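Fold and contact review
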Amino acid sequence: MRAIEYLQKIETMDARINTRLDEVERLKALAAKTTSVLGGERVQTSGSQQRMADCIAKIVDNEREVKADIAKFVDYKQKALKVMDLYCDSDCITLLYNRYFQYKSWEEIAVILSYSYKWVSGGLHSKALQQFQKGLDKYDE
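Structural notes, computed from the coordinates. (Residues numbered from 1 in each chain as written. Predicted model: local features only at pLDDT ≥ 70, side-chain atom pairs only at ≥ 80, totals over all residues. Heavy atoms only, no water.)

**Here we look at the environment of Glu-25**
Stated precisely, the cut-off is as follows: Labels follow the DSSP assignment, with helices taken as runs of H or I lasting at least four residues and strands as runs of E lasting at least two, numbered in each case from the N terminus. Three labels apply to residues, based on accessible area from a 1.4 Å probe with only protein chains included: buried if under 20% of the type maximum, exposed if over 50%, partly exposed otherwise in between.
By the secondary structure assignment, Glu-25 is in helix H1 (residues 3-38). Look at Glu-25 and you get exposed, because its relative accessible area is 51%. A C-alpha to C-alpha distance of 8.5 Å links Glu-25 and Ile-59, two positions 34 residues apart in sequence.

**Let's talk about the nonpolar core**
Under the convention used in this document: The set of buried Ala, Val, Leu, Ile, Met, Phe, Trp, Tyr and Cys residues whose side-chain atoms join them within 4.5 Å is what this entry labels a nonpolar core. We call two residues contacting when some pair of their heavy atoms lies within 4.5 Å.
Core analysis: the largest hydrophobic core is formed by 28 residues, its most contacted members being Leu-7, Leu-95, Leu-96 and Phe-132. Ranked by residues supplied to this core, first place goes to H1 with seven residues. Ignoring any residue separated from it by four or fewer positions in sequence, one finds Phe-132 in contact with Ala-3, Tyr-6, Leu-7, Ala-80, Val-83, Met-84, Cys-88 and Leu-96. One finds Leu-27, Met-52, Cys-55 and Ile-59 within the second-largest nonpolar core, a separate group that totals six residues.

**Regarding the pattern of salt bridges**
What counts, and what does not: Salt bridge criterion: a side-chain nitrogen from Lys or Arg within 4 Å of a carboxyl oxygen from Asp or Glu.
Under the definition given, this model contains seven salt bridges. A salt bridge links Asp-69 to Arg-20; its shortest N-O distance comes to 3.2 Å. Here Asp-69, found in helix H2 (residues 46-87), pairs with Arg-20, found in helix H1; they are 49 residues apart in sequence, far enough to count as distant. A residue is classified by how much of its surface remains accessible, and Asp-69, at 14% relative accessible area, is buried. By relative accessible area, Arg-20 is classed as partly exposed at 23%. Here Asp-89 ties to Lys-127 by a salt bridge, and the two come within 3.0 Å at their closest N and O atoms. Placement of the pair is Asp-89 in the loop between H2 and helix H3 (90-100) and Lys-127 in helix H5 (residues 117-140), with a sequence separation of 38 residues. Judged by relative accessible area, which is 27%, Asp-89 ranks as partly exposed. You can call Lys-127 partly exposed: its relative accessible area is 34%. Salt bridges sharing common partners tie together Arg-20, Glu-65 and Asp-69.

Written out as structure tokens, the structure is:
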């Protein structure tokens, strides 16, 4: 896998986890609503009870998927950090970490490193990706 793809996957995985966590919270709120409806006057409860059971099942499924996604995400991120620590110089580590782990803009990274935007977004980024790629290739051997 190319370095840029590996690093971009971290952000994708993070976004997927956050989306699933939001969905779990939405389902929990829906379950709470359904519970309050069940406590009121009973006209026909089988439909409400089925909705509640469906909602709880979805919550459990989503929580299980989130836990699995988080485990993969942590492993993926740990590998990237090890590769960076072993094969990248300090400027490249700072750039890669801030860009792909903290999702900072090129402007913010340029300020952190005290370099120009052009150097950070072009030459230094290219250098960092090359170092990371070499490390990734060696790490996978």
